[in-house]
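Residue strings, one per chain:
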Amino acid sequence: MLEARGLMVFYENMLAINNVDLRVQEGQIVGVFGANSAGKSTLMYTLSGIILDKKRKEEMRGGERISVFGKLRYHGEEISQMKPHERAKRGIILCPERRRIFPESSVLENLKIGAYLASSGEAKETLDYVFSLFPALERLKDRQGGFLSGGEQQMLAIGRALMAQPKLLLLDEPLLGLSPQIQKVVIGAIKEIRDQKGITILVTEQYARPVLPIVDYAYILENGAAVLEGTGQQLLENPDVKAAYFGL
Ligand code: ATP
């Protein structure tokens, strides 16, 4: 479904993504694990195309030079130069790190904003689905986004991304700052979204342990390079991975 070959991203002279090859097959949940500043968000920006917007903005204000190289194919189509909204129309939807919900808007408004790519029928159906996935959001539908807890905000961010009718959902550190209990809710929801809706998911996290049980395949990112890859089981059995990413 998605295939990256030789992806490289430079911020000025700093190499943030170093020659990454990555494959996501339809219907899979694929994990990308790495420490702080390993390049997880940069990778997500590159796959969603947001890096091109950042690059253009930086050029306009005479800031740092962002360079992107490599091939990116989605359903066989080369998309590395494609604008983010064109990728979104094709179903590549990013749920960014730190949620980025609209704090002044209500839960319901936030969800409706997400539905800009949906027909009214799809929007209604997906709204019902989001409320069945996260019943808390239905109870809170009139509350302002800014007054939600971190866990509720994450549910809202995922819900909003679902409203955009993803085929490939990019989840950037969805567990960040959540209690273990809420992490379980979010992980359960990620699995349900794939199992019930058939949506393919690429998820980044700093810690692999909570996510590994639901991934079909995963990559370990270190200093921008994919240094290891394998099934959840293969990574679990790898002593280097254990020490570095499972806190064993
Ligand atoms: P975190 O878990 O802390 O969010 P990450 O794995 O998502 O980290 P990135 O945010 O992709 O990592 O950052 C990768 C590297 O690129 C880091 O060294 C970071 O400092 C650098 N970087 C990210 N954005 C920029 C930018 N706009 N300008 C310059 N350097 C950047």
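Residues numbered from 1 in each chain as written. Predicted model: local features only at pLDDT ≥ 70, side-chain atom pairs only at ≥ 80, totals over all residues. Heavy atoms only, no water.

How should I be thinking about the site of the ligand in this particular structure?
The environment of the ligand is formed by 14 residues, the closest being Ser 37, Ser 41, Thr 42, Glu 64 and Glu 173. Thr 42 is positioned with one of its side-chain polar atoms (N or O) 2.5 Å from an oxygen atom of the ligand. Take Glu 64: an N or O atom from its side chain is 2.6 Å from a nitrogen atom of the ligand. Listed by contribution, the elements that provide at least two residues to the shell around the ligand are strand 2 (14-24) and helix 1 (40-48). With 3 residues, helix 1 is the single largest residue contributor to the shell around the ligand. Taken together, the residues of the shell around the ligand break down into 5 nonpolar, 5 polar and 4 charged. (Near = heavy atom within 4 Å. Polar contact = N/O pair within 3.5 Å; in protein donor to acceptor, adjacent residues only side chain to side chain. Helix = DSSP H or I, 4+ residues; strand = E, 2+ residues; numbered from the N terminus. Nonpolar A, V, L, I, M, F, W, Y, C, P; charged D, E, K, R; others polar.)

Teacher, can you tell me more about the nonpolar core here?
Looking at soluble globular proteins, one finds that nonpolar side chains tend to be buried together. In this structure, Leu 162 and Ile 201 are the most contacted members of the largest nonpolar core, which totals 50 residues. Among the elements that make up this core, the one with the highest residue count is helix 7 (residues 150-163) (7 residues). In contact with Ile 201, other than residues within four places in its own chain, are Gln 28, Ile 29, Val 30, Leu 168, Leu 169, Leu 171, Ile 190, Ile 193 and Arg 194. (Core = buried A, V, L, I, M, F, W, Y, C linked by side-chain atoms within 4.5 Å. Buried < 20%, exposed > 50% of the residue type's maximum accessible area, 1.4 Å probe, protein only. Contact = heavy atoms within 4.5 Å.)

What am I meant to see in the packing of aromatic side chains here?
Aromatic rings considered in pairs are described by the distance between their centres and by the relative angle of their planes. Applying the stated criterion across every chain yields a total of 2 aromatic pairs. Here the aromatic rings of Phe 10 and Phe 69 are separated by 6.1 Å at their centres, their planes lie at 85°, and the arrangement is edge-to-face. Of the two residues, Phe 10 is situated in strand 1 (residues 2-11) and Phe 69 in strand 4 (residues 66-74); the sequence distance between them amounts to 59 residues. A relative accessible area of 45% means that Phe 69 is categorised as partly exposed. (Phe/Tyr/Trp six-rings, centres within 6.5 Å; stacked < 30°, edge-to-face > 60°.)

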